[in-house]
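# Tertiary structure, described
Read off the chains here:
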Amino acid sequence: MSVVGIDLGFQSCYVAVARAGGIETIANEYSDRCTPACISFGPKNRSIGAAAKSQVISNAKNTVQGFKRFHGRAFSDPFVEAEKSNLAYDIVQLSTGLTGIKVTYMEEERSFTTEQVTAMLLSKLKETAESVLKKPVVDCVVSVPCFYTDAERRSVMDATQIAGLNCLRLMNETTAGYSQSCAAIIQLNFRALSCFTKKS
């Protein structure tokens, strides 16, 4: 098994692995090293990444992006209230009081937690990594914004568990500096976790 580094961005995601003495950012099925943080729910299936991004206009009400901002936030949070008018999709209050995402999926109206939606994206990144590495991927490190609260960080950790990933550590994005590339961020993640990383 390999440890992968995941940059779970607001608009795009990257996944990288340490191998051959360096850090390799993994390309997806479109030969692109950047995967849009976008999920589109349809009447028969769901699309994730580039396939979902192409449906932002044609299926706007059921295509979600920018959901990273709702991790660990109550529906009554003033920030959530302010964001509602800027969204093409609907958000709802869950029984827990947290913010959920409402879409029509498989011809049924459904409400997903932010963790569930993020887990869908993480599962896609996990599959991409496994396809390239030809081995199971379980352990990971994930970069998150430095301003994330404990509740937001716990929410991301829950999402990794739902996706079947063992998150060894959450790293602040600013560890590598805002001016650095995603690959550099992930490289620092691996350096911090060198004791966990096995040679490929």
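Bear in mind that the values here come from a model prediction, so they are computed numbers and not experimental data.

If a residue is not glycine, its phi is most likely negative; likewise, a peptide bond is most likely trans. At Met106, a residue that is not glycine, the phi angle is positive and equals roughly 55 degrees. Mapped onto the secondary structure, Met106 falls in the loop between strand S9 (99-105) and strand S10 (108-113). When its relative accessible area of 35% is taken as the criterion, Met106 is described as partly exposed. In this structure, Glu107 takes a positive phi of about 65 degrees despite not being glycine. Its location among the elements puts Glu107 in the loop between S9 and S10.

Within the open sheet, the three strands sit side by side as S8-S9-S10. Their pairing is antiparallel. Here the strands that pair on one side only, and so sit at the sheet edges, are strand S8 (90-93) and S10. The sheet shows a mean angle of 40 degrees between the axes of neighbouring strands, taken without regard to direction. The pairing of S9 with S10 spans six bridges and is antiparallel. Looking at S10, one finds that Ile101 is bridged to Phe112. Where helix H3 (residues 114-133) meets the sheet, its contacts fall on S9 and S10, and the angle it forms with S10 comes to roughly 90 degrees.

A separate point is the environment of Arg153. Here Arg153 shows up in helix H4 (residues 150-162). Setting aside chain neighbours within four positions, we find Arg153 in contact with Val144, Pro145, Cys146, Tyr148, Leu170 and Asn172. A distance of 3.3 Å separates the side chain of Arg153 from the backbone oxygen of Tyr148, its partner in a polar contact.

Before going further, it helps to examine the confidence of the model for the chain. Overall, the prediction assigns the chain a mean pLDDT of 87, with 86% of residues at 70 or greater. Considering only residues more than four positions removed or in separate chains, one finds that residues 176-185, a stretch of pLDDT under 50, has 10 contacts. Considering only residues more than four positions removed or in separate chains, one finds that residues 195-200, a stretch of pLDDT under 50, has 10 contacts.

Time to look at the packing of aromatic side chains. Per the stated rule, a full pass over the model turns up four aromatic pairs. Taken together, a centroid distance of 5.3 Å and an interplanar angle of 70 degrees make the contact between Phe41 and Tyr105 edge-to-face. With Phe41 in strand S5 (residues 38-41) and Tyr105 in strand S9, this pair connects stretches of sequence that are 64 residues apart. A relative accessible area of 1% places Phe41 in the buried class. Residue classification places Tyr105 among the buried residues on the basis of a relative accessible area of 13%. Consider the rings of Phe147 and Tyr148, whose centres lie 6.0 Å apart with planes at 75 degrees: the pair is edge-to-face.

How each quantity is defined
- Residues numbered from 1 in each chain as written.
- Predicted model: local features only at pLDDT ≥ 70, side-chain atom pairs only at ≥ 80, totals over all residues.
- Heavy atoms only, no water.
- Helix = DSSP H or I, 4+ residues; strand = E, 2+ residues; numbered from the N terminus.
- Buried < 20%, exposed > 50% of the residue type's maximum accessible area, 1.4 Å probe, protein only.
- Pairing = 2+ DSSP bridges.
- Axes fitted to C-alpha atoms, helices over the stretch in contact; angles between N-to-C directions.
- Contact = heavy atoms within 4.5 Å.
- Polar contact = N/O pair within 3.5 Å; in protein donor to acceptor, adjacent residues only side chain to side chain.
- pLDDT = per-residue confidence, 0-100.
- Phe/Tyr/Trp six-rings, centres within 6.5 Å; stacked < 30°, edge-to-face > 60°.

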